[in-house]
Structure formats: C-alpha cells, structure tokens
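One-letter residues, chain by chain:
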Amino acid sequence: MIPIEYQVGVRDRWPDNTIMLAGGLTPNQGVDETIERLNKYVDQYRISGLKLYTFDSTDQKAGGSMTKRKHIQSGRNVVD
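Note that the coordinates shown come from a computational prediction; the quantities given were computed from them, not determined experimentally. (Residues numbered from 1 in each chain as written. Predicted model: local features only at pLDDT ≥ 70, side-chain atom pairs only at ≥ 80, totals over all residues. Heavy atoms only, no water.)

Caption draft 1: Fine view of unusual backbone geometry. Even without a glycine there, the phi angle at arginine 46 is positive, about 60°. Looking at where arginine 46 falls in the secondary structure, it is placed in the loop between α2 (31–45) and α3 (64–73). Residue classification places arginine 46 among the exposed residues on the basis of a relative accessible area of 52%. (Helix = DSSP H or I, 4+ residues; strand = E, 2+ residues; numbered from the N terminus. Buried < 20%, exposed > 50% of the residue type's maximum accessible area, 1.4 Å probe, protein only.)

Okay, structure coming up:
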C-alpha cells in the first residue's frame, strides 16, 4: 500500500482533481486506536468521507460495526 502521506502529497499537488486516499484501517488494531487514526485522517489529512467494508482480511476479526457506530456518532461521513 502507498503511504497515506505520499497520497496526500499527490492530492495537494493537483488540488483541482478528485483523488481517493487509502488508509488501511481495521478495528483489529483496537477500536480506540482505529477511531484515533480516523480522527487524525480527518484533521491532519483533510479526509472528507470514509468507505467501510463488511469484511476484514486480517487474521483477527473484531467489531467493525462498533467502529462504524462511533464514527457516525462523531459526526463524520460514512458511506456503506
């Protein structure tokens, strides 16, 4: 995966174009860690939306719906 910092640089270099940034979040990191990273993506990288998937390809499975609920409660945009 291309580091998000590099992706942000590409977006900033061509601000008139639309670009989708990929951040690689999973609640398997821990829900608090995931929410913290989501907030960082919004605040530091100016992410305006989020696409969540209903599967997790990591070895450990965790509460993705809990992460989604917390994200919605924070007032962030969520697209299913």
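Caption draft 2: Seen up close, α2. Spanning 15 residues, α2 covers 20 Å between terminal C-alpha atoms, matching the ideal 21 Å at 1.5 Å per step. Turning to α2, its buried residues are Val31, Thr34, Ile35, Leu38, Tyr41 and Tyr45. Down the axis of α2, the sector holding all buried residues measures 145°, keeping them to one side. Turned more than 90 degrees from where α2 packs its buried face, Asp32, Glu36 and Asp43 sit exposed. Residue arginine 46 follows α2 closely and has a positive phi angle near 60°. (Expected span 1.5 Å × (residues − 1). Arc of directions from axis to C-beta.)

Caption draft 3: Seen up close, helix α1 (residues 4–13). All of the buried residues in α1 are Ile4, Gln7, Val8 and Arg11. Buried residues of α1, seen end-on, are gathered within an arc of 100° and therefore sit on one face of the element. In α1, the exposed positions angled more than 90 degrees off the buried face are occupied by Tyr6 and Arg13. Against the buried residues of α1 lie α2. (Contact = heavy atoms within 4.5 Å.)

Caption draft 4: Expanded view of the nonpolar core. Residues Ile4, Val8, Leu21, Tyr41 and Tyr45 constitute the largest nonpolar core, which totals five residues. Sorting the residues of this core by element identifies α1 and α2 as the ones contributing at least two each. Discounting chain neighbours no more than four positions away, the residues touching valine 8 are Leu21 and Tyr45. (Core = buried A, V, L, I, M, F, W, Y, C linked by side-chain atoms within 4.5 Å.)

Caption draft 5: Inspection of the environment of tyrosine 41 at higher detail. For tyrosine 41, the position within the fold is in helix α2. Considered as a pair, tyrosine 41 and glycine 23 are 18 residues apart in the sequence and their alpha carbons are 8.2 Å apart. Excluding its chain neighbours within four sequence positions, the residues that come into contact with tyrosine 41 are Ile4, Gly23, Leu25, Arg46 and Ile47.

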